[in-house]
Amino acid sequence: MQQITSRQNQYVKTARLLKTRKGRLKEGKVLLEGVRLVDDALLVGNLHFCWALVTKEFLDSGQHQGVARRLQTRCPVFMITQDLMEDIADTQQPQGIAAVVEPPEYDLEACLGSHPLILIGDRIADPGNAGTIIRTAAAARASGVVFTPGSVDLYNPKCLRASMGAVFRIPICQEVAPAALVSLLQEHGITLYGATGQGASYYTEVDFRQAVAIALGSEAFGLSPQLESMVAERV
């Protein structure tokens, strides 16, 4: 396994760049850090791994040899020093493993699926909440997740950890204007429900087996006035 010791190495520089949203957009890549997140991503068969970085301490621990072996079948793996890992990591005590992947790209049509059940995050600002929304949608076998402008970057490290890899297992679209979204829903006969404290019905009274979309508003302000004015029913 090739070793890297310089901070000027291109792999290290790129990994460091991917800690920022600007860097992720520029490179079209995402940095995954930690055993759990890398292991979850390895379960996604069509996810493209570009390269990975591990420390000698991680390999010598012998605790996650299965992850290391599977990683080597998907991409080149380089050994770096603990100092370099701490330099590129988002966490204060990195586990000694990171991987760079190219996230899948979807359009709105892909989020509809064959039986639409779409979760909409409207101006969701907290990365942990966004990741939880994605993880819940995947667990409920939703057809897709859509986020409107003003929402957090879904490849923010905290969002990635909160999603527990689900961000790569379900179609997701970001920065979708409410008007364009609602137009598509109406075109396909999909009923839009808005989650609000002043809902006319309880969510348990709604038949979610039909083609539906459910909009969740921001933590501080709820649904945006534009999107709320377009919902068919508040729950």
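Use the structure listed above.
Cut-offs applied
- Residues numbered from 1 in each chain as written.
- Predicted model: local features only at pLDDT ≥ 70, side-chain atom pairs only at ≥ 80, totals over all residues.
- Heavy atoms only, no water.
- Pairing = 2+ DSSP bridges.
- Helix = DSSP H or I, 4+ residues; strand = E, 2+ residues; numbered from the N terminus.
- Contact = heavy atoms within 4.5 Å.
- Axes fitted to C-alpha atoms, helices over the stretch in contact; angles between N-to-C directions.
- Salt bridge = Lys/Arg side-chain N within 4 Å of Asp/Glu carboxyl O.
- Buried < 20%, exposed > 50% of the residue type's maximum accessible area, 1.4 Å probe, protein only.
- Phe/Tyr/Trp six-rings, centres within 6.5 Å; stacked < 30°, edge-to-face > 60°.

Turning our attention to the sheet that holds strand S1 (residues 3-4). Pairing within the open sheet is mixed, and its five strands lie in the order S1-S4-S3-S5-S2. Only two strands of the sheet have a single partner each, and these edge strands are S1 and strand S2 (30-33). Taken together, the two bridges between S1 and strand S4 (residues 77-80) define a ladder with parallel strand orientation. What sits directly across from Ile 4, in S4, is Ile 80. Of the strands in this sheet, S1, S2, strand S3 (48-55) and S4 touch helix H1 (residues 10-17), which is tilted by about 105 degrees from S3. Each of S2, S3 and strand S5 (97-102) touches helix H3 (residues 35-42); the most contacted strand, S2, lies at about 120 degrees to it.

Turning next to the pattern of salt bridges. Inspection of every chain in the model, using the stated rule, returns 10 salt bridges. One salt bridge in this structure joins Arg 21 and Glu 175, with 3.3 Å as the shortest N-O distance. On the criterion of sequence distance, the pair formed by Arg 21 in helix H2 (residues 21-27) and Glu 175 in the loop between strand S8 (172-173) and helix H10 (178-187) is long-range, its members being 154 residues apart. Relative accessible area serves as the criterion here: at 45%, Glu 175 is assigned to the partly exposed category. The partner of Asp 39 in a salt bridge is Arg 70, and the shortest N-O contact between them spans 2.4 Å. Linking Asp 39 in helix H3 with Arg 70 in helix H5 (residues 65-72), this pair joins segments that are 31 residues apart in sequence. Residue Asp 39 is classed as partly exposed on the basis of its relative accessible area of 23%.

Ordered in space as S8-S7-S6-S10-S9-S11, the six strands form an open sheet in which the pairing is parallel. Edge positions in the sheet fall to S8 and strand S11 (233-234), since each has one partner strand and no second. Bridging between strand S6 (residues 117-121) and strand S10 (residues 212-216) involves five bridges; their strand directions are parallel. Bridged to Ile 120 within S10 is Ala 215. The strands touched by helix H8 (residues 127-139) are S6, strand S7 (144-147), S8 and S10; relative to S7, the strand with the most contacts, the crossing angle is about 155 degrees. Along the sheet face, H10 touches S6, S7, strand S9 (191-194) and S10 and points at about 165 degrees away from the line of S6.

This part covers the packing of aromatic side chains. On inspection of all chains with the given rule, the structure shows four aromatic pairs. Ring centres 4.9 Å apart and planes at 65 degrees place the aromatic pair Tyr 11 and Trp 51 in the edge-to-face group. Linking Tyr 11 in helix H1 with Trp 51 in strand S3, this pair joins segments that are 40 residues apart in sequence. For Tyr 11, a relative accessible area of 32% translates into the label partly exposed. With a relative accessible area of 9%, Trp 51 lands in the buried category. Where Tyr 193 meets Phe 208, the ring centres are 6.1 Å apart and the plane angle is 70 degrees; that geometry is what we call edge-to-face. Taken together, the residues span a long stretch of sequence, with Tyr 193 in strand S9 and Phe 208 in the loop between S9 and S10 at a distance of 15 residues. Judged by relative accessible area, Tyr 193 falls into the buried class, the value being 6%. By relative accessible area, Phe 208 is classed as partly exposed at 26%. Site record: aromatic cluster; members linked through ring pairs are Tyr 11, Trp 51 and Phe 78.

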